[in-house]
Amino acid sequence: LSGAALALGPSKWGWAEESSPFGTLQDDPLIRLPEGFSYKVVAETGIPLQGGLGPYPRPNFPDLNVPFKASGGGILLSTSHEVASEVPLLSPPPGEDYDPIAGGAVTSLLLDRDFNIVEGAYNAGGMISNCSGAGTPWGTVLTGEESTETLGAEHGFIWEVDPHRSTKTRLDACGKFSHETAVVDR
């Protein structure tokens, strides 16, 4: 069915047509939204992260975002960066004792009520292709490695990252294989 849908093209998909049930789409180079809708770019790859294990530039390939309530009505936004083993690192991740040649990471941004960055932190690195995951009820982030490659260390694990303390724990009991995601069911 997917092959047939691709062959027919977007004009036959219905939901992917140029028009929107919410109105005419605005001409924007990044995201085309209907009139009255807006977005804000919160952070970009490469911005300096001073907190946590930093300083270190914000890695590329953001994948998972987990928001946590922060004091003053702000948000602590944790991001998992799905950096593959083929992506060269400019420098080893700071404070990394597991695998200093693996670029997958979890970072966090403390945002105020208007989504301005108050502080940025590099929380954990040394992972490969860590994808998706979830926040836990106790305030940590689960991120799963999609690769079982061995670089400076073995990979293919679920990691629990504490964005408040900038620590990570490998969850061996979850197994070693290509993980897409990990969640906690309350």
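Coordinates for the structure precede this section.
A quick note: this is a predicted structure, and the numbers were derived from the prediction, not measured. (Residues numbered from 1 in each chain as written. Predicted model: local features only at pLDDT ≥ 70, side-chain atom pairs only at ≥ 80, totals over all residues. Heavy atoms only, no water.)

## Here we look at the sheet that holds strand β4 (residues 62–69)
Adjacent strands of a sheet form backbone hydrogen bonds with each other and so pair up, either parallel or antiparallel. Formally: Strand pairing requires that DSSP identify at least two bridges connecting the strands. In this description a helix means any DSSP run of H or I spanning at least four residues, a strand means any run of E spanning at least two, and both kinds are numbered starting from the N terminus.
Taken in spatial order, the five strands of this open sheet run β2-β7-β6-β5-β4, and their pairing is mixed. Each having just a single partner strand, β2 (51–52) and β4 make up the two edges of the open sheet. Where strand β5 (residues 75–81) meets strand β6 (residues 104–111), seven bridges bridge the pair, whose relative direction is antiparallel. Of the residues in β6, the one forming a bridge with S78 is S108.

## Focus: the pattern of salt bridges
Applied cut-off: The working definition used for a salt bridge is a side-chain nitrogen of Lys or Arg within 4 Å of a carboxyl oxygen of Asp or Glu. Relative accessibility thresholds used throughout: buried, under 20% of the residue-type maximum; exposed, over 50%; partly exposed, between the two (1.4 Å probe, protein chains only).
All told, the structure shown has four salt bridges when counted by the stated rule. Notably, a salt bridge pairs E154 with K176, separated by 2.8 Å at the nearest N-O pair. Of the two residues, E154 sits in the loop between β9 (141–145) and β10 (158–162) while K176 sits in the segment after β11 (167–170), which places them 22 residues apart along the sequence. With relative accessibility at 38%, the residue K176 sits in the partly exposed group. Across the pair D162 and R165 runs a salt bridge whose closest N-O atoms are separated by 2.8 Å.

## Regarding a nonpolar patch on the surface
Our working definition: For patch detection, residues must exceed 30% relative accessible area and be free of salt bridges, and they are connected within 9 Å for like charges or within 5 Å for nonpolar side chains (Val, Leu, Ile, Met, Phe, Trp, Tyr). Only the protein chains shown count as cover for residues, and the accessible areas themselves come from Shrake-Rupley with a 1.4 Å probe.
A contiguous nonpolar patch, built from L30, I31, Y39 and V41 and spanning about 340 Å² of accessible area, is present on the exposed surface. According to the relative accessible area criterion, I31 is partly exposed, its value standing at 37%.

## Some remarks on the layout of surface pockets
For clarity, the threshold we go by: Think of a 1 Å grid over just the protein atoms. A cavity is a set of points where a 1.4 Å probe fits yet cannot get out, a pocket is an open set with protein on both sides within 12 Å along at least five of seven lines, and lining residues have an atom within 4 Å of a point. Grid points are joined across faces, edges and corners, and a volume is the space filled by probe spheres set on the points. Each residue receives one of three labels: charged for Asp, Glu, Lys and Arg, nonpolar for Ala, Val, Leu, Ile, Met, Phe, Trp, Tyr, Cys and Pro, and polar for the others, Gly being one of them.
When its volume is computed, the largest pocket comes out at roughly 260 Å³. Every residue lining the largest pocket is counted, 16 residues in all, and those nearest its centre are Y56, P59, N60, L89 and L90. Split by residue class, the lining of the largest pocket holds 10 nonpolar, five polar and one charged. By volume, the second largest pocket is sized at about 210 Å³. Along its surface, the second largest pocket is lined by 13 residues, and V42, A43, N65, L77 and L111 are the ones closest to its centre. Listing elements by their share of the lining of the second largest pocket, those giving two or more residues are β4, β5 and β6. A per-class count over the lining of the second largest pocket returns nine nonpolar, two polar and two charged.

## Comments concerning the sheet that holds β11
What counts here: Where helices are involved, their axes are fitted lines through C-alpha atoms of the stretch in contact, as for all axes, and angles between N-to-C directions lie from 0 to 180°.
Spatial ordering of the open sheet is given by β8-β9-β10-β11, a layout of four strands whose pairing is antiparallel. In this open sheet, the two strands that pair with only one neighbour each are β8 (130–135) and β11. For this sheet, the mean angle separating the axes of adjacent strands, direction not counted, is 25°. As paired elements, β9 and β10 share four bridges and run antiparallel to each other. Each bridged residue has a counterpart across the sheet, and for L142 the counterpart in β10 is E160.

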